[in-house]
Amino acid sequence: MATTLRHGCISAVNITSVRSSEAKNAERSRISFLGDNSRLRQGSSAKLASIFEPCRQRSVTFGSLRINCMVLETKPSVEKKTTLHDLFEKEGQSPWYDNLSRPVVALKSLIDNGVRGVTSNPTIFEKAITSSDLYDDQFRQLMKEGNGVEEVFWGLAVTDIQDACDLFLALYEESKGGDGFVSLEVSPRLAQDGEGTVAAANRLHKLVNRPNLYIKIPATAECVPAVKSVISQEISVNVTLIFSLARYEAVIDAYLEGLEAIKNDDLSKVSSVASFFVSRVDVLVDKRLEKIGSEEALALRGKAANAQAALAFKLYQEKFSGPRWEALAKRGANKQRLLWASTGVKNPAYSDVLYIAPLVGPDTVNTMPLNALEAFVDHGTVSRTIDANLGEAKQIYDKVEELGILWADVGSQLEVEGVASFEKSFDNLISSLQAKADKL
């Protein structure tokens, strides 16, 4: 079922479907306009209207999500609340969007319909930049300025992140820093380089220069200490690629140690999420269960990931309570929220909201790719489920180990595969940009 998301203040245009050169020029002008955010804030209605006036298309499509395209209006349209609004307002879980591409302004419709943040990664940027011509003008300009290809990539990425941060800034301020974040990941080539990760985090933090930026740092053994260091410098962090309870606890401790190292008495400006991956866990565990082949093993397919996630939430509750946490809370510290990542269903035999509906709980985030997002908007239900049956979750978790599938091995393999996947995407993107540069 297609869902139409509406907005009334800024027009969204998919110029790949608009053939006139006039419309393409208008879109390029808009991208340039968005790049100068002071002009965006100070710009008149006439300026924005003139940018979109040539557009004859009236919608932009994301899969089966169709976003109406409207020229600037003086009054915003009245929005109906969606399941995403209910998810946050009734159960305290923040729905985020796991994607970023140009035109970034199209995110405005998703914000209006309940999306409260955005995550990106090297694979997302590879798909965005290599499949669109909306990056071409900036690419040529950055190359003319004498930048290397990798620096050009960061220039493109930082522009997208800045534009997204600006779109979410009002939500960030309204929520007093609780939501409205946009995540940018350090180079995956630094996954085994803690010191390099700290340096990269500082550099990206300064380049983006937005209060609602999360720097993504992988939860590899080498980079967990980097989390502590970056947090101690009062830089907000999204810790990514967490696949096991043991590594998750190490991430929490790094966050707490980082907060404790801050000299400033006010810790309220520092924020963090811990991105705990789910669907990839079932992909690997299911394969091992099928290899075992017993009735008992096969009955556990599609259950291991959510069971481990439920236990992660229990660990979250335990670690963010008690005297140690209370001392930090008195200084205004924010809890490091659990963020459910990798929530797109990989097995078509499973429910398309398998990694959303069973993981609803307070003080958590679920970042969803498009297919999962539209499925939940269409037929998702909102109720607290994450800790509804912790006993069963523990039984499933323990039974997986009893069958000879060690959780430590699962976590290690998925971490290696996750880092390798992001590094491959990054390398492919840099190679594509180099090939484009060679043609200039």
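These numbers come from a predicted model, not from an experiment. (Residues numbered from 1 in each chain as written. Predicted model: local features only at pLDDT ≥ 70, side-chain atom pairs only at ≥ 80, totals over all residues. Heavy atoms only, no water.)

*Asks:* Just give me the short version of the pairing of strand 8 (residues 237-242), but keep the residues and values in it.
*Replies:* In terms of burial, strand 8 is a largely internal element, six of the six residues being buried. In this sheet, strand 8 lies alongside strand 7 (residues 213-218) in parallel orientation, the contact comprising four bridges. Across the sheet, residue isoleucine 217 finds its bridge partner in strand 8, namely valine 239. Running through helix 10 (residues 224-232), the crossover from strand 7 to the neighbouring parallel element strand 8 is right-handed. Where strand 8 meets strand 9 (residues 272-277), four bridges bridge the pair, whose relative direction is parallel. Paired with isoleucine 242 across the two strands is phenylalanine 276, which belongs to strand 9. In the classification by handedness, the crossover that spans strand 8, the intervening helix 11 (residues 245-260) and the parallel strand 9 is right-handed. (Buried < 20%, exposed > 50% of the residue type's maximum accessible area, 1.4 Å probe, protein only. Helix = DSSP H or I, 4+ residues; strand = E, 2+ residues; numbered from the N terminus. Pairing = 2+ DSSP bridges. Right-handed = clockwise from strand over helix to strand, strands pointing away.)

*Asks:* Please set out the packing of helix 12 (residues 279-292) against helix 18 (residues 407-439) residue by residue, giving values where relevant.
*Replies:* Two numbers describe how helix 12 lies on helix 18: the axes approach to 10 Å, and their chain directions differ by 125°. In terms of axis orientation, helix 12 runs oblique to helix 18. Crossing angle aside, the handedness with which helix 12 passes helix 18 is right-handed. Contact residues: helix 12 offers Arg280, Val281, Leu284, Val285 and Arg288, while helix 18 offers Trp407, Asp409, Val410, Gln413, Leu414, Gly418 and Phe422. (Axes fitted to C-alpha atoms, helices over the stretch in contact; angles between N-to-C directions. Parallel < 35°, antiparallel > 145°, perpendicular 65-115°, else oblique. Left-handed = near helix turned anticlockwise from the far one by under 90°. Contact = heavy atoms within 4.5 Å.)

*Asks:* Residues and numbers for the confidence of the model for the protein, please.
*Replies:* Mean pLDDT over the protein works out to 86, with 82% of the residues at or above the 70 mark. The model gives residues 1-60 a pLDDT under 50, and that stretch makes 111 contacts with residues more than four places away or in other chains. The low-confidence segment residues 66-77, where pLDDT is below 50, has 42 contacts with residues more than four positions distant or belonging to other chains. (pLDDT = per-residue confidence, 0-100.)

*Asks:* An account of the environment of isoleucine 217 is requested, with residue identities and associated values reported.
*Replies:* Within the secondary structure, isoleucine 217 sits in strand 7. The class of isoleucine 217 is buried, set by a relative accessible area of 0%. Residues isoleucine 217 and glycine 194 lie 23 residues apart in sequence; the distance between their C-alpha atoms is 9.6 Å. Not counting the four nearest positions on each side in its chain, isoleucine 217 is found in contact with Thr197, Cys223, Ala226, Val227, Val230, Val237, Asn238, Val239 and Thr240.

*Asks:* So what about the side chain of asparagine 238? Which residues, and what values?
*Replies:* Following the sequence through the fold, asparagine 238 ends up in strand 8. Note on asparagine 238: relative accessible area 0%, which makes it buried. A polar contact is formed between the side chain of asparagine 238 and the side chain of serine 183, at a distance of 3.2 Å. In this structure, asparagine 238 is in contact with Thr119, Ser183, Tyr214, Ile215, Lys216, Ile217, Val273, Ser275 and Leu339, ignoring residues within four places of it in sequence. (Polar contact = N/O pair within 3.5 Å; in protein donor to acceptor, adjacent residues only side chain to side chain.)

*Asks:* A description of the pattern of salt bridges should follow, citing residues and the corresponding values.
*Replies:* Tallying each qualifying case throughout the model produces 23 salt bridges. Where aspartate 137 meets arginine 140, a salt bridge forms, and the shortest distance between an N and an O atom there is 2.7 Å. With a gap of three residues between them, aspartate 137 and arginine 140 both fall in helix 7 (residues 136-144), about one helical turn apart. With a relative accessible area of 33%, aspartate 137 lands in the partly exposed category. Notably, a salt bridge pairs glutamate 402 with lysine 399, separated by 2.9 Å at the nearest N-O pair. Separated by three residues within a single helix, glutamate 402 and lysine 399 lie in helix 17 (residues 390-402), roughly one turn from each other. Judged by relative accessible area, glutamate 402 falls into the exposed class, the value being 57%. Several salt bridges converge on common partners, so that one network encompasses Glu249, Asp253, Glu260, Lys319 and Arg324. (Salt bridge = Lys/Arg side-chain N within 4 Å of Asp/Glu carboxyl O.)

*Asks:* Describe in detail the packing of aromatic side chains, supporting the description with residues and values.
*Replies:* Two aromatic rings are characterised by how far apart their centres lie and by the angle between their planes. Under the counting rule described, the total for this entry stands at 15 aromatic pairs. Between phenylalanine 125 and phenylalanine 153 the ring centres are 5.8 Å apart and the planes differ by 85°, which places this aromatic pair in the edge-to-face class. With phenylalanine 125 in helix 6 (residues 122-130) and phenylalanine 153 in helix 8 (residues 149-174), this residue pair connects regions lying 28 residues apart in the sequence. We note that phenylalanine 125, like phenylalanine 153, is buried. Note that arginine 116 overlies the ring of phenylalanine 88, its terminal NZ or CZ placed 3.5 Å from the centroid. One cation-aromatic arrangement involves lysine 436 over phenylalanine 139; the distance from NZ or CZ to the ring centre is 5.5 Å. (Phe/Tyr/Trp six-rings, centres within 6.5 Å; stacked < 30°, edge-to-face > 60°. Lys NZ or Arg CZ within 6 Å of the ring centre and 35° of its normal.)

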